[in-house]
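Architecture at a glance
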Amino acid sequence: MTKLLQTVDSLLKWFLASLMAGIVLVVCWQVVSRYVLNAPSSVTEELSRALLIWIGMAGAAFAYRTGVHLGLDIITRKLPEKMQRKVSMLLTAAVVLFAIAVMVVGGGNLVTMTYELGQMSAALNIKMAYIYMILPLSGVLIAFYGLCQLYFLASGKAVPAVEGMH
């Protein structure tokens, strides 16, 4: 389980780094083409928006994995350790169910519907389903990370830290 978790972590880190590099290049080109060349590129704004959506959704999965997502633990910290683990398992199971029901199933339905309707992006001239595809993909990642967390909580082991993170 640990090896699979580390492999997914590594792939997701590289994927996010690539998306970040891509958005930096696209926005830089947008500035150069608009202000230096006086010929603004028509695709840069839409492409940067799509990249930002992908970064936000994939980044949410990574934030969930690393534990830097928004969370309130004021009450749970005051509980006994055994009860903290039970509450943590219950909340993690709720996150997994949400990720599957809303992000994977609901997002998958959105992707299918927009693909079948042939909805196209205005400037990029690609199907919007490709842009929306990150919703079910990030849902799968969040569900996977939640299931891994449940496994480690149930076995009493600590969840391995992400390699290369502080």
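Residues numbered from 1 in each chain as written. Predicted model: local features only at pLDDT ≥ 70, side-chain atom pairs only at ≥ 80, totals over all residues. Heavy atoms only, no water.

Glancing now at the UniProt feature "transmembrane region" (unreviewed entry) in the chain. As annotated in UniProt, the feature "transmembrane region" (unreviewed entry) corresponds to residues 12-32, 52-75, 87-110 and 130-153 in the numbering used here. Annotated as residues 52-75, this span is 62% helix and 0% strand, and its ends, taken at the C-alpha atoms, are 34 Å apart. Note that residues 130-153 is 96% helix and 0% strand, and that its end C-alpha atoms are spaced 35 Å apart. (UniProt positions renumbered as here; feature names shortened; annotations may be inferred. Helix = DSSP H or I, 4+ residues; strand = E, 2+ residues; numbered from the N terminus.)

Membership of the largest hydrophobic core comes to 29 residues, with the highest contact counts inside it found for Leu5, Leu12, Ile142, Phe144 and Tyr145. Mapped by element, the contributors of at least two residues to this core are α1 (2-36), α2 (44-66), α3 (81-117), α4 (128-132) and α5 (134-155). (Core = buried A, V, L, I, M, F, W, Y, C linked by side-chain atoms within 4.5 Å. Buried < 20%, exposed > 50% of the residue type's maximum accessible area, 1.4 Å probe, protein only.)

Taken as a whole, this structure holds four aromatic pairs when the rule is applied. Measuring from ring centre to ring centre gives 6.3 Å for Tyr115 and Tyr130, while their planes differ by 65°; the resulting arrangement is edge-to-face. With a gap of 15 residues between them, Tyr115 in helix α3 and Tyr130 in helix α4 connect regions that are remote in the sequence. Here Tyr115 falls in the partly exposed class, since its relative accessible area comes to 42%. In this arrangement the basic side chain of Lys127 is found over the ring face of Tyr115, its NZ or CZ atom lying 4.2 Å from the centre. (Phe/Tyr/Trp six-rings, centres within 6.5 Å; stacked < 30°, edge-to-face > 60°. Lys NZ or Arg CZ within 6 Å of the ring centre and 35° of its normal.)

Between its first and last C-alpha, α1 extends 50 Å over 35 residues, near the 51 Å set by a 1.5 Å rise per residue. Leu5, Val8, Asp9, Leu12, Leu16, Leu19, Ile23, Val26, Gln30 and Ser33 are the residues of α1 that are buried. In the core, the buried residues of α1 are packed alongside α2 and α5. Just downstream of α1 lies Asn38, where phi reads positive at about 55°. (Expected span 1.5 Å × (residues − 1). Contact = heavy atoms within 4.5 Å.)

This paragraph deals with the pattern of salt bridges. Using the criterion set out here, one finds two salt bridges in the structure. In this structure, the salt-bridge partner of Arg65 is Asp9, at a minimum N-O distance of 2.9 Å. On the criterion of sequence distance, the pair formed by Arg65 in helix α2 and Asp9 in helix α1 is long-range, its members being 56 residues apart. Classification of Arg65 as buried rests on a relative accessible area of 10%. (Salt bridge = Lys/Arg side-chain N within 4 Å of Asp/Glu carboxyl O.)

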